[in-house]
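# Breakdown of the fold
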Amino acid sequence: MLTAEEATDSGEAVASNPQTRRRETWGSRLAFVLAAAGSAIGLGNVWRFPYLVGKNGGAAFLIIYLAIVVLIGLPVMIAEVGLGRFTRRNPVGAFARAAPNSGWRVVGVLGVITGFGILSYYSVVAGWAIGYTLKAVTGAFATLTDPGQTGNLFEQFVGDAWTVLALHAVFMALTVAAVIGGVRRGIERWTLILMPALFLMLLLLVLRSLTLDGAGKGFTFYLQPDFSKVTGATFIAALGQALFSLSVGMGALITYGSYLSEREDVVIATASVCLLDTLAAFLAGLAIFPALFAVGLEPAQGAGLTFVVLPAIFHRIPFGGLFGTVFFVLLTVAALTSAISLLEVCVAYLTDEKRWTRKGACVLVGIVSFLLGIPAALSTGASPFFSQLPFLHVGYLDLMDTIFGNIALTLGALLLCLFVGWRWVPQDALKGVIEGSAYPGLGQHWLFLVRYVCPVAIGTILLQILMNLFVQG
Ligand code: TRP
């Protein structure tokens, strides 16, 4: 039986295109929350957030980060999900429907391209996580206790073209396998298993880490509040991390929002996503730093932390081999649920706008994205050309991350706020957001944040990113 909303939606869609099938919706609010949290919780939570906290004043940074998530991250996320739910379209279709015959659909196009671009190299790094899971299982770290040794191992590993390409292919195939089943039978089914598993693994690692002798030093490094370290740069760092971590700015949440029922409360659903994302990031720090300091190693961030420093501790702690395996499975799962959302953006675009079948779209985007990722896989040693591009003097993977993961995402978030706050009809914007909400009065506060506070804050970050590029270049 059709519910009222589904009838309207399919009715409208049928009117504009006779072949349209009824759009799928999530089976429950939990499904949406876990899928969106799966998108948000990724490599950034594990390898960047903890280090930022430790280096920027511990608990002092944490308080600032929380305030930024609530005042800026959450409103932007609400805007994305609201736009998706109201229009029931992929990012391109969403902008086109909310502002017909305007140039704004370009922002949606930017989102789809960004998703596609990120997917290509995210899959390469996720492939490393699969490779390291296998290494941990087979005891490859057993004799290595020094970051110098694990550093060599990592260099060898990422410089081996066939291995990294094979793992990149495996990860991409997994992502395609999850998305091909559709919203309920694919994405929802996978995330309902993967996300609880992720939190369970995280808790297990936190318990191990905190119960080691000497864990206290790491705990102090991580959380000791130090307000003297708080400067303007602290706010910029917190804001940049919040936007990246919440996966806003490219329409992943427009797409996931387009499958959300009108009866759901967008504010509660998105607030839950923010909470889970922040919780996962916080726990990652508790899992990493106490263990690191317990064996007397120096903290780091990025790939160096997860693939070089951490492998050196596993065989210095009791049951380290087991916990090492759990850690890399966790990393793989975190990356997989993020990649699923990246692929779904492209697939939703092709099925909505170009009338492709889901299966065809998944397979084709998977293959092309794999191909686009090949230079990234070769840019960590296997190919001197891609490892150090002529004129630019950076590797291909870093270049892709700067263009898509940094500039395009921030620009996308800024344009989204300007669109929702200023261009979209306020009544529609409010309807998209407060329909189904128990607190409709919040809508006005949200609109204020999206109009004024978010664009100023995100614009500042964008300027900062561009200035850094300029200074470095
Ligand atoms: N949030 C992800 C992380 O923390 C990275 C990311 C940013 C992302 N934007 C995204 C993932 C969009 C999927 C979709 O690692």
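Cut-off values and rules
Residues numbered from 1 in each chain as written. Predicted model: local features only at pLDDT ≥ 70, side-chain atom pairs only at ≥ 80, totals over all residues. Heavy atoms only, no water. pLDDT = per-residue confidence, 0-100. Contact = heavy atoms within 4.5 Å. 1 Å grid on protein atoms, 1.4 Å probe; cavity = no way out; pocket = protein on both sides within 12 Å on 5 of 7 lines; lining within 4 Å. Points joined across faces, edges and corners; volume = space filled by probe spheres on them. Helix = DSSP H or I, 4+ residues; strand = E, 2+ residues; numbered from the N terminus. Nonpolar A, V, L, I, M, F, W, Y, C, P; charged D, E, K, R; others polar. Salt bridge = Lys/Arg side-chain N within 4 Å of Asp/Glu carboxyl O. Buried < 20%, exposed > 50% of the residue type's maximum accessible area, 1.4 Å probe, protein only.

Here the focus is the confidence of the model for the protein chain. On average, residues of the protein chain carry a pLDDT of 92, and 95% of them reach 70 or more. Confidence over residues 1–20 falls short of pLDDT 50; this stretch has 22 contacts with residues more than four positions distant or in other chains.

Another aspect to go through is empty space enclosed by the protein. A full pass over the atoms with the stated rule returns 4 cavities of 30 Å³ or more. Computed from the structure, the largest cavity encloses a volume of approximately 140 Å³. Contributing to the lining of the largest cavity are 14 residues, with Leu205, Ala287, Ala291, Ile313 and Phe314 lying nearest its centre. When contributions to the lining of the largest cavity are tallied by element, the ones reaching two or more residues are α10 (182–210), α14 (266–294) and α16 (320–353). Its residues assigned to classes, the lining of the largest cavity shows 11 nonpolar, 2 polar and 1 charged. Empty space within the second largest cavity amounts to approximately 70 Å³. Lining of the second largest cavity is provided by 13 residues; of these, Phe95, Val107, Gly249, Met250 and Gly251 occupy positions nearest its centre. Mapped onto the lining of the second largest cavity, the elements with two or more residues apiece are α6 (91–98), α7 (105–137) and α19 (396–423).

Tracing the chain through its elements places Ser123 in helix α7. A C-alpha to C-alpha distance of 31 Å links Ser123 and Val420, two positions 297 residues apart in sequence.

Bringing the pattern of salt bridges into the picture now. Taken as a whole and judged by the stated rule, the model has 5 salt bridges. Where Arg88 meets Glu262, a salt bridge forms, and the shortest distance between an N and an O atom there is 3.5 Å. Of the two residues, Arg88 sits in the loop between α5 (59–87) and α6 while Glu262 sits in the loop between α13 (252–257) and α14, which places them 174 residues apart along the sequence. A relative accessible area of 4% means that Arg88 is categorised as buried.

For Asn101, which is not glycine, the phi torsion reads 55° and is therefore positive. Within the secondary structure, Asn101 is located in the loop between α6 and α7. Of the residues examined, Asn101 reaches a relative accessible area of 84% and is grouped as exposed. Within the chain, Phe319 stands out as a residue other than glycine whose phi angle is a positive 55°.

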